[in-house]
Amino acid sequence: MIHHIEALIFASEQGIRLEEIMYCLQAAFERDFTADEVSESLKAIELKYSDDNLAIELVKVGNGYQFFTKKKYHPVINLLQLQRSKKRLSQAALETLAIIAYKQPVTKTDVEQIRGVNCDYSIQKLLEKELIAITGKSEALGKPILYSTSGLFMDYFGINSIQELPQIKDFTSTSVAIGEQTE
């Protein structure tokens, strides 16, 4: 049961309340759990993570429980946060990246024709951030460079393959139409 509670706390984006833990355990094991049973398990987890050899701890926040990084590791975590905040993508870079992701392999000229503006800077930044890669040369006149997404792109967006990208039809809404609808 302790491992199940750990998994619930770990998977929860916010603090998870005792009642939520009890509900999940009861649904999973098809038996009732008392608040005392779950509280004892939470104390055991808290004790386990109080070990100085571990970087995280169980903390009760408000009415819920969450895993947090211990305070002595906050300086290094702040460095990571600063580094990642510098890696945020501009709207232009996101648009360029989306075109490359859906049309790959694609040339810079193709991207610029779709966006309607010069994409030199966006492509340069995406290459620097290693979200795209040069994957060859086109057979078109002048042999322009072909761009595709990289493995880091997959990690960044939490997907395993390009097929997991949302389909363009998922973005269109049939409820928004101009004029009268005919049946």
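Rules and cut-offs
- Residues numbered from 1 in each chain as written.
- Predicted model: local features only at pLDDT ≥ 70, side-chain atom pairs only at ≥ 80, totals over all residues.
- Heavy atoms only, no water.
- Pairing = 2+ DSSP bridges.
- Helix = DSSP H or I, 4+ residues; strand = E, 2+ residues; numbered from the N terminus.
- Axes fitted to C-alpha atoms, helices over the stretch in contact; angles between N-to-C directions.
- Parallel < 35°, antiparallel > 145°, perpendicular 65-115°, else oblique.
- Contact = heavy atoms within 4.5 Å.
- Nonpolar A, V, L, I, M, F, W, Y, C, P; charged D, E, K, R; others polar.
- Salt bridge = Lys/Arg side-chain N within 4 Å of Asp/Glu carboxyl O.
- Buried < 20%, exposed > 50% of the residue type's maximum accessible area, 1.4 Å probe, protein only.
- pLDDT = per-residue confidence, 0-100.

> Tell me about the pairing of strand E3 (residues 64-69), and please be specific about residues and values.
Pairing geometry for strand E1 (residues 16-17) and E3, over two bridges, is antiparallel. Residue Arg17 lies in a different strand from E3, and its bridge partner there is Gly64.

> Could you give an account of the packing of helix H5 (residues 91-103) against helix H7 (residues 120-128), with specific residues and numbers?
Contact pair H5 / H7: the axes reach a minimum separation of 9 Å and the direction vectors enclose 80°. Here H5 lies roughly perpendicular to H7, going by the angle between them. In this structure, H5 contributes Ala92, Ala93, Thr96 and Leu97 to the contact, and H7 contributes Ser122, Ile123 and Leu126. Each residue belonging to the contact of H5 with H7 can be placed in one class, and the counts come to five nonpolar, two polar and no charged.

> Which residues make up the packing of helix H1 (residues 2-11) against helix H3 (residues 35-48), and what values go with them?
Packing of H1 against H3 leaves a shortest axis separation of 10 Å and a crossing angle of 75°. In terms of orientation, H1 lies roughly perpendicular with respect to H3. Here Ile2, Ile5, Glu6 and Ile9 of H1 come into contact with H3, specifically with Val38, Ser41, Leu42, Ala44, Ile45 and Lys48. Residues that form the contact of H1 with H3 fall into these classes: seven nonpolar, one polar and two charged.

> Could you give me a rundown of the side chain of Ser41, with the residues and numbers involved?
Here Ser41 shows up in helix H3. In contact with Ser41, not counting residues within four places along its chain, are Met1, Ile2 and Ile5.

> Break down the sheet that holds strand E2 (residues 56-61) for me, citing the residues and quoting the values.
By definition, the strands of a sheet pair up through backbone hydrogen bonds, in either a parallel or an antiparallel sense. Taken in spatial order, the three strands line up as E1-E3-E2 in an open sheet, and their pairing is antiparallel. Single-partner strands in this sheet number two, and they are E1 and E2. Examined bridge by bridge, E2 and E3 share six bridges and lie antiparallel to one another. Residue pairing across strands places Ile56 opposite Thr69, the latter belonging to E3.

> Before we move on, could you go through the pattern of salt bridges and cite the residues and values that matter?
The full count for this structure, using the stated rule, is 10 salt bridges. The salt bridge involving Lys108 is made with Glu112; its shortest N-O contact spans 3.0 Å. Residue Lys108 and its partner Glu112 are located together in helix H6 (residues 108-115), separated by four residues, close to a single helical turn. In this structure Lys108 comes out as partly exposed when scored by relative accessible area, which is 25%. Across the pair Lys125 and Glu128 runs a salt bridge, and its minimum N-O distance is 3.1 Å. Separated by three residues within a single helix, Lys125 and Glu128 lie in helix H7, roughly one turn from each other.

> A description of the confidence of the model for the chain should follow, citing residues and the corresponding values.
In this model, the chain carries an average pLDDT of 88, and 90% of its residues clear a pLDDT of 70 or more. The weakest mean pLDDT in the chain belongs to helix H4 (residues 74-86) at 79; the strongest belongs to H3 at 96.

> Describe in detail unusual backbone geometry, supporting the description with residues and values.
The omega torsion of the bond from Gln104 to Pro105 falls at -10°, within 30 degrees of zero and hence cis. Despite not being glycine, Glu30 shows a phi value in the positive range, around 55°. Mapped onto the elements, Glu30 comes out in the loop between helix H2 (18-29) and H3. Residue Glu30 is classed as exposed on the basis of its relative accessible area, which comes to 73%. Positive phi is not limited to glycine here, since Glu130 has a value of about 60°. Along the polypeptide, Glu130 turns up in the loop between H7 and strand E5 (132-137). Its relative accessible area of 51% is what places Glu130 among the exposed residues.

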